[in-house]
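Read off the chains here:
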Amino acid sequence: MTRRQIRLIFYLAVLSPIAAVVYHHLLPSIPDSFITDLVNRLFQSETSAMTSQASHPGVNIVGGGLAGLSAAYSALCAGAPSVRLLERASKPGGNSIKASSGINGAPTRFQQAAWPNLGPDETFWDDTVRSAGARLSSQTTSQPAARAQRESLISVLTQRSADAINFLADLGVDLTVVAQLGGHSHPRTHRGAGKTPPGAAIITTLVTKLKEAGGDRFELMTDCEVTRLLTDPTNAAVSSNGNGGSSADHQSVTVTGVEYKSTKDSGNGGSGDDGTSLHQLTGPVIFATGGFGGDTHGLLARYRPDLDGMPSTNDPRPGTHDLLAAVGAKLVDMDSVQIHPTGFVDPANPLVPVKFLAAELLRGEGGILLHNGKRFVNELETREHVSNTIMALPGDGVEGASLRQWDIQLLLDPGAAEAAAGHMGFYLWKGLMKKQKVSELDATTKEALEEYASIVRREKEDPFRRKAFGHWKLGVNSDGIVDENAEVCVGRVTPIVHFTMGGAVFNEHAQVLSSELGEKQKPIQGLWAAGEITGGIHGDNRLGGSSLLECVVFGRIAGAEAAEVAKRAYI
């Protein structure tokens, strides 16, 4: 029995005799409005709380991608009385389920098994700091406290990465294949050996495990969109915060739950703007709703209007950052948007704005990029560098009425294609890539293959400083001849909007902060966040494989922290 229920029983036991006396002796002389007002004042907080919560309050998680699912599993393991996960789509997974390159971790037992001659991986933190670019490095002298806060988040991400890999592997996820992606100095991006992409493998495993907890402890609520965060009404003063939303004036605001609507209620004459009914759930809240890369005419237009016309890997949907800003959350790096260098241009529908991602592992396993038949970049540089190099090539990148895309070829030899077989089957089936014999290629492309093969053979230095070549085999035999009958896989790719590095300011405990990055931390009580909704970790550029990682690392932290609050509040 909860504390609120005990208090309610006490009130009833004490006040019932008094009410009887009033009824028999005083009621005729007292206005009805006075009695009604008295009852409402005495019982308003108790009755409203009881009608808005489930049978027993618990942790409320907003967003059903990997961050939300990781938080849910962690909260249950930490003893949360119940977990309710609200997902606005019709099924969980979000963008996480589409992740194709893998999840970073170092040092792990799988790294050692796959690359026994490379030694321990001790550079993950350094690579992440370097990838963050000027947003971090420029704060060395100008904002040392902000830099320290960024580095602290990076430390949590990288130092807990091996544990994240072990956590997933212990659940049954295959992560035995390890590749080196762009911006990494060591192979550390894990995926499975089968045909199931890593994102889908992780999501389906976690959903299965959560369902095993039973409906009394875990409830997956799909088609449910959160409309606002509930706060302690004594701290509800709100003002504009300059970030497109509102923020609470009081530093002591406590988030007490969520208000949401279900699209399944549409047309039922409810209290929502679209006729849907509004519902409330009380308890600590974890926000894991993802980024705003698909909010083309909303947040993306607000913070990066220059990206108008760029294709995207994100399905159209509004961002949710303003919901956090409305309760005082500060936002950071909102103009930092990752342009992934390789989204497939479908020959059957080249002008479609939402495109399939050409997984970075295709380059990590040896694939190369060509423009007019020639290599032009180190394919394993950071995504930011490769994308900027492509978009600086001759030509304006405009195709059709307004779509901005470039004409770049992604080419894999038989060795690289075999290493990425789990992905290649899908790409070939969709017509995004095709097989060609070397003899069918133009003279310039053949020359590029011969030169690249000599670099892989270590006969010469790569002019673009590429050091790792994955499983490229073409022309790497003893005579150095590129087999004219060998089949290569070729597809057209272009830069695309992929990921948003900006989001809510948060700390190592995944608490959302009402303080700016580098200021004395002011956590918003009852509110945590994890995944792409947060900001401050990646700076100018996110390393491939770190998106899934941050979801697991900070999702698990948020789940455990929120569970402790739920247990203390509802004993």
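This one's a predicted model, so the numbers in the text were calculated from it and none came from an experiment. (Residues numbered from 1 in each chain as written. Predicted model: local features only at pLDDT ≥ 70, side-chain atom pairs only at ≥ 80, totals over all residues. Heavy atoms only, no water.)

Chemist: Help me understand the nonpolar core, please; the structure alone is not making it clear to me.
Modeler: One recurring pattern in soluble globular proteins is that nonpolar side chains are buried together. Val59, Val83, Ile103 and Phe554 are the most contacted members of the largest nonpolar core, which totals 59 residues. Per-element accounting of this core gives the leading share, 11 residues, to helix 18 (residues 546-569). Among residues more than four places away in sequence, those in contact with Val83 are Val59, Ile61, Ala72, Ala75, Leu76, Arg217, Phe218 and Glu219. The next biggest cluster of nonpolar side chains, apart from the first, holds 57 residues, and it includes Leu86, Ala358, Met433 and Val512. (Core = buried A, V, L, I, M, F, W, Y, C linked by side-chain atoms within 4.5 Å. Buried < 20%, exposed > 50% of the residue type's maximum accessible area, 1.4 Å probe, protein only. Helix = DSSP H or I, 4+ residues; strand = E, 2+ residues; numbered from the N terminus. Contact = heavy atoms within 4.5 Å.)

Chemist: So what exactly am I meant to see when it comes to the packing of helix 5 (residues 124-132) against helix 8 (residues 144-159) here?
Modeler: Each packed pair of helices is defined by two parameters, the angle between the axes and the distance between the axes. At a minimum axis separation of 10 Å, helix 5 and helix 8 run at an interaxial angle of 135°. The orientation of helix 5 with respect to helix 8, classified from their angle, is oblique. The hand of the helix 5/helix 8 crossing is right-handed. Taking contact as the criterion, the partners of Phe124, Trp125, Thr128 and Val129 in helix 5 are, on helix 8, Arg147, Glu151, Ile154, Ser155 and Thr158. For the contact of helix 5 with helix 8, the class distribution of residues is four nonpolar, three polar and two charged. (Axes fitted to C-alpha atoms, helices over the stretch in contact; angles between N-to-C directions. Parallel < 35°, antiparallel > 145°, perpendicular 65-115°, else oblique. Left-handed = near helix turned anticlockwise from the far one by under 90°. Nonpolar A, V, L, I, M, F, W, Y, C, P; charged D, E, K, R; others polar.)

Chemist: I keep staring at the pairing of strand 1 (residues 59-62) and nothing clicks. Help me out?
Modeler: For a regular strand, the rule is simple: side chains alternate between the two faces of the sheet. Burial of the side chains of strand 1 extends over both faces: Val59 and Ile61 are buried on one face and Asn60 and Val62 on the other. Judged from the four bridges that link them, strand 1 and strand 2 (residues 83-87) form a sheet pairing that is parallel. Across the sheet, the residue bridging to Val62 is Leu86, located in strand 2. Once you follow strand 1 into helix 3 (residues 66-77) and on to strand 2, the crossover reads as right-handed. In the sheet, strand 1 pairs with strand 12 (residues 285-287) via three bridges, with the strands oriented parallel. Along strand 12, the bridge assignment pairs Asn60 with Val285. (Pairing = 2+ DSSP bridges. Right-handed = clockwise from strand over helix to strand, strands pointing away.)

Chemist: I'm lost on the sheet that holds strand 3 (residues 103-104) in this one. Help?
Modeler: An order of 3-5-4 is seen for the three strands of this open sheet, with the pairing classed as antiparallel. With one partner strand each, in any of the chains shown, strand 3 and strand 4 (177-179) form the two edges of the open sheet. Of the pairings in the sheet, the one linking strand 3 to strand 5 (residues 189-191) comprises two bridges and is antiparallel in character. If you follow Asn104 over to strand 5, its bridge partner there is Thr189.

Chemist: Just to check I follow, could you spell out the side chain of Gln436 for this structure?
Modeler: Among the structural elements, Gln436 can be located in strand 19 (residues 434-437). Its relative accessible area of 17% is what places Gln436 among the buried residues. Sequence-distant contacts of Gln436, defined by excluding residues within four places in its chain, comprise Leu441, Ala486, Glu487, Val488 and Val490.

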